[in-house]
Amino acid sequence: MDWGTLHTFVGGVNKHSTSIGKVWITVIFIFRVMILVVAAQEVWGDEQEDFVCNTLQPGCKNVCYDHFFPVSHIRLWALQLIFVSTPALLVAMHVTYYRHETTRKFRRGEKRNEFKDIEDIKKQKVRIEGSLWWTYTSSIFFRIIFEAAFMYVFYFLYNGYHLPWVLKCGIDPCPNLVDCFISRPTEKTVFTIFMISASVICMLLNVAELCYLLLKVCFRRSKRAKTQRNHPNHTLKESKQNEMNELISDSGQNAITGFPS
Amino acid sequence: MSWMFLRDLLSGVNKYSTGIGRIWLAVIFIFRLLVYMVAAEHVWKDEQKEFECNIRQPGCENMCFDYFFPISQVRLWALQLIMVSTPSLLVVLHVAYREGREKKHKKKLYVSPGAMDGGLWYTYLISLIVKTVFEIGFLVLFYKLYDGFSVPYLVKCDLKPCPNTVDCFISKPTEKTIFILFLVITSCLCIVLNFTELSFLVLKCFVKCCLQQYSKKPTSSMCECHNLTNVECGEIGDPPLLHKQNSGLATSTAQ
């Protein structure tokens, strides 16, 4: 089990995402997971071995290291990436459930005019509307919450995003206030800032996607209300024609149609 | 042989599980297996090297480490993952057995070998109970072995050859405590999911039985029961009791 498996899980959601969602998945896996695996883990690999305190007192180094690094940066990032990726599974589960229900209805003979066979149901791209819209929007909301929460925890635990080269430690059994030196503080600061920037970009992408979904729905609703007000007699025919036109023009962009029922 | 092997085995369980079973698999893969591999394993990597006692007596550190950590928490975690995942394979084996029987007799013995009816329903139920017992068992073992779920930063040790009571310092106790708490929370979540799935299956079976009992007309014959069974065989949680009535039909009684 490794990051590749998570990529398979989350990548499956890709085809049901909006364009911004696809960009988000790319940023997550290239700029965060890959950087974590190929670079950051090497930088933090010897963090405790090379954490040195200016004392020979046994136990002082252990205690000081534990005090200043309650959770390693690497582990926090790994947990952050796992938590931020998992809301996408809600969407995957919803799509699977929708396909399962559609297959059941098809077997009973209910949706024969919409699909040719069961393979057709599995291949069809599911539109983000109705209850799936709510699931998708909730997953984005949770992603934003998790990103913000982890960034705050980082800031709180390490008093900012900068690693000092020396720390003063006077915890028992250290006999007095000793100097403790962190290994590679500059390189670690560079990677910390990089990962935080990538988190910020991901958060902005999520906020943009949320706004896009909400605006699109509001826009469609107001358009439908206007059409109904102006042409009450021809409402049904014209609105259907409008919808078809919109579907054709938006067909390359994963358009969001309708309002969640 | 690695965790990928277990992952591949368990992926096959997915198609024979209920909805809650799939959520359980997702929790196991992502919140337990993945977290173990990408994070937890590295936290305990240098546990003995960084275990330090305030003494120069050779052998004292070794003895104390062995006394306080008879089995490393991370190894216990791995064992728990393996033991908790494998009962699901009973279901896969049972389905494979059914498929083997169909091939051997060269005719359709079941509506679908993967449909949860008859013996497979019992197998699924047993696998759920065994999984839950293992989860609870390992949590109790963890608690008893390490006197709780937190890792202290200091332990006092006076075993031979240590000349007196010495202070021994554990490496990264806070990080280890956080991951152990994470393990406990995810185990509890899995236990809750197992109980929910168990109740769901038993309740569904019970409700179906009751409905079928009440919907039977006074003049109904055995033939009508047979017809009902044939139609409903493909659904999850089918009451196994119903199948005992249909001794004449190979489709319903083959197990």
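Criteria and thresholds
Residues numbered from 1 in each chain as written. Chains lettered and ligands numbered in written order. Predicted model: local features only at pLDDT ≥ 70, side-chain atom pairs only at ≥ 80, totals over all residues. Heavy atoms only, no water. Helix = DSSP H or I, 4+ residues; strand = E, 2+ residues; numbered from the N terminus. Contact = heavy atoms within 4.5 Å. Areas by Shrake-Rupley, 256 points an atom, 1.4 Å probe, with all protein chains shown as cover. UniProt positions renumbered as here; feature names shortened; annotations may be inferred. Patch = residues over 30% accessible without salt bridge, like charges linked within 9 Å, V, L, I, M, F, W, Y side chains within 5 Å. Salt bridge = Lys/Arg side-chain N within 4 Å of Asp/Glu carboxyl O. Axes fitted to C-alpha atoms, helices over the stretch in contact; angles between N-to-C directions. Parallel < 35°, antiparallel > 145°, perpendicular 65-115°, else oblique. Nonpolar A, V, L, I, M, F, W, Y, C, P; charged D, E, K, R; others polar. 1 Å grid on protein atoms, 1.4 Å probe; cavity = no way out; pocket = protein on both sides within 12 Å on 5 of 7 lines; lining within 4 Å. Points joined across faces, edges and corners; volume = space filled by probe spheres on them. Lys, Arg positive; Asp, Glu negative; His and termini not counted. Charge placed at Lys NZ, Arg CZ, Asp CG, Glu CD. Buried < 20%, exposed > 50% of the residue type's maximum accessible area, 1.4 Å probe, protein only. Core = buried A, V, L, I, M, F, W, Y, C linked by side-chain atoms within 4.5 Å. Phe/Tyr/Trp six-rings, centres within 6.5 Å; stacked < 30°, edge-to-face > 60°. Lys NZ or Arg CZ within 6 Å of the ring centre and 35° of its normal.

## Quick notes on the overall build of chain B
And then number 1: Across its full length, chain B holds ten helices and three strands.
And then number 2: Counting helices and strands in the order they occur from the N terminus, chain B gives α-α-β-α-α-α-α-β-β-α-α-α-α.
And then number 3: At a minimum sequence separation of 6, the contacts of chain B that also span at least 24 residues come to 73%.
And then number 4: In the form shown here, chain B has an accessible surface area of approximately 12800 Å², with 65% of it arising from carbon and sulfur atoms.

## Points about the UniProt feature "transmembrane region" (unreviewed entry) in chain B
Residue and element names in this part refer to chain B.
And then number 1: Within this structure's numbering, the places UniProt gives as "transmembrane region" (unreviewed entry) are residues 21-39, 77-97, 118-143 and 179-207.
And then number 2: Annotation note: span residues 21-39, helix share 100%, strand share 0%, distance between end C-alpha atoms 25 Å.
And then number 3: As a span, residues 118-143 carries 96% helix and 0% strand, and end to end its C-alpha atoms are 39 Å apart.

## Quick look at a nonpolar patch on the surface
All names here are of chain A.
And then number 1: Side chains of I30, F31, M34, V37, V38 and F194 sit close together on the surface and give an oily, nonpolar patch of about 520 Å² of accessible area.
And then number 2: The leading source of residues in the nonpolar patch is helix α2 (residues 19-43), at five residues.
And then number 3: Relative to the helices and strands, F31 resides in helix α2.

## Regarding the packing of helix α4 (residues 73-85) of chain A against helix α5 (residues 87-108) of chain A
All names here are of chain A.
And then number 1: In the contact formed by α4 and α5, the axes pass within 4 Å of each other and the chain directions differ by 30°. On the basis of their axis angle, the class for α4 and α5 is roughly parallel. In this structure, α4 uses F83, V84 and S85 to contact α5, whose residues at the interface are P87, A88 and L89.
And then number 2: The class makeup of the residues in the contact of α4 with α5 is five nonpolar, one polar and no charged.

## As for the layout of surface pockets
And then number 1: Of the volumes computed, that of the second largest pocket is approximately 360 Å³.
And then number 2: Around the second largest pocket sit 17 residues that line it, and T86 and L89 of chain A together with V27, F31 and L189 of chain B are the ones nearest its centre.
And then number 3: If one sorts the elements of the lining of the second largest pocket by residue count, helix α2 (residues 19-43) of chain B sits on top with five residues.
And then number 4: Taken together, the residues of the lining of the second largest pocket break down into 15 nonpolar, two polar and no charged.

## Focus: a positive patch on the surface
And then number 1: The grouping of R104, K105 and R108 of chain A together with K204 of chain B at the surface amounts to a positive patch.
And then number 2: Of the residues forming the positive patch, the biggest block, three residues, is contributed by α5 of chain A.
And then number 3: Positionally, R104 of chain A belongs in helix α5.
And then number 4: A relative accessible area of 38% places R104 of chain A in the partly exposed class.

## Remarks on the UniProt feature "domain: Connexin N-terminal" (unreviewed entry) in chain A
And then number 1: Taking the UniProt record as the reference, the feature "domain: Connexin N-terminal" (unreviewed entry) is found at residues 42-75 of chain A.
And then number 2: The span residues 42-75 of chain A shows a helical share of 41% and a strand share of 6%, and its end C-alpha atoms are spaced 13 Å apart.

## Focus: the nonpolar core
And then number 1: Core analysis: the biggest nonpolar cluster contains 112 residues, and W3, L36 and F51 of chain A together with F51 and F179 of chain B have the highest contact counts within it.
And then number 2: The leading source of residues in this core is α2 of chain B, at 17 residues.
And then number 3: Here W3 of chain A is in contact with F29, V33, L36, V37, A78, L81 and I82 of chain A together with L34 and V38 of chain B, once residues within four sequence places are set aside.
And then number 4: Counting residues in each nonpolar core, the second largest holds 13 residues, with M116, L120, W121 and C209 of chain B among its members.

## Description of the packing of aromatic side chains
And then number 1: In the structure shown here, the tally under the stated rule is 26 aromatic pairs over all chains.
And then number 2: For the ring pair F65 of chain B and F69 of chain B, a centre distance of 5.2 Å and an interplane angle of 40° mean the geometry is tilted. One exposure class covers both F65 of chain B and F69 of chain B, and it is buried.
And then number 3: Between the aromatic rings of W121 of chain B and Y122 of chain B, the centroid separation amounts to 5.4 Å while the plane-to-plane angle is 85°, which identifies the pairing as edge-to-face.
And then number 4: Residue Y122 of chain B is classed as partly exposed on the basis of its relative accessible area, which comes to 38%.
And then number 5: An aromatic cluster is defined as three or more aromatic residues linked by ring pairs; in this entry it consists of W44, F51, Y65, F69, W77, F154 and Y158 of chain A.
And then number 6: If you follow K131 of chain B out to its NZ or CZ, it ends over the ring of W24 of chain B, 3.7 Å from the centre.

## A look at the pattern of salt bridges
Residue and element names in this part refer to chain B.
And then number 1: Summed over the entire model, instances satisfying the criterion amount to nine salt bridges over all chains.
And then number 2: Among the ionic pairs, E135 bridges to R32, the shortest N-O distance being 2.7 Å. Placement of the pair is E135 in helix α6 (residues 119-146) and R32 in helix α2, with a sequence separation of 103 residues.
And then number 3: Residue E135 is classed as buried on the basis of its relative accessible area of 0%.
And then number 4: Overall, R32 belongs to the buried group, its relative accessible area being 0%.
And then number 5: For E47, the salt bridge is made with R75, and the minimal N-O distance between the two is 3.4 Å. Here R75 lies in helix α4 (residues 73-85) and E47 lies in the loop between α2 and β1 (52-53), a separation of 28 residues in the sequence.
And then number 6: Among the residues examined, E47 registers a relative accessible area of 7% and is labelled buried.
And then number 7: Residue classification places R75 among the partly exposed residues on the basis of a relative accessible area of 47%.

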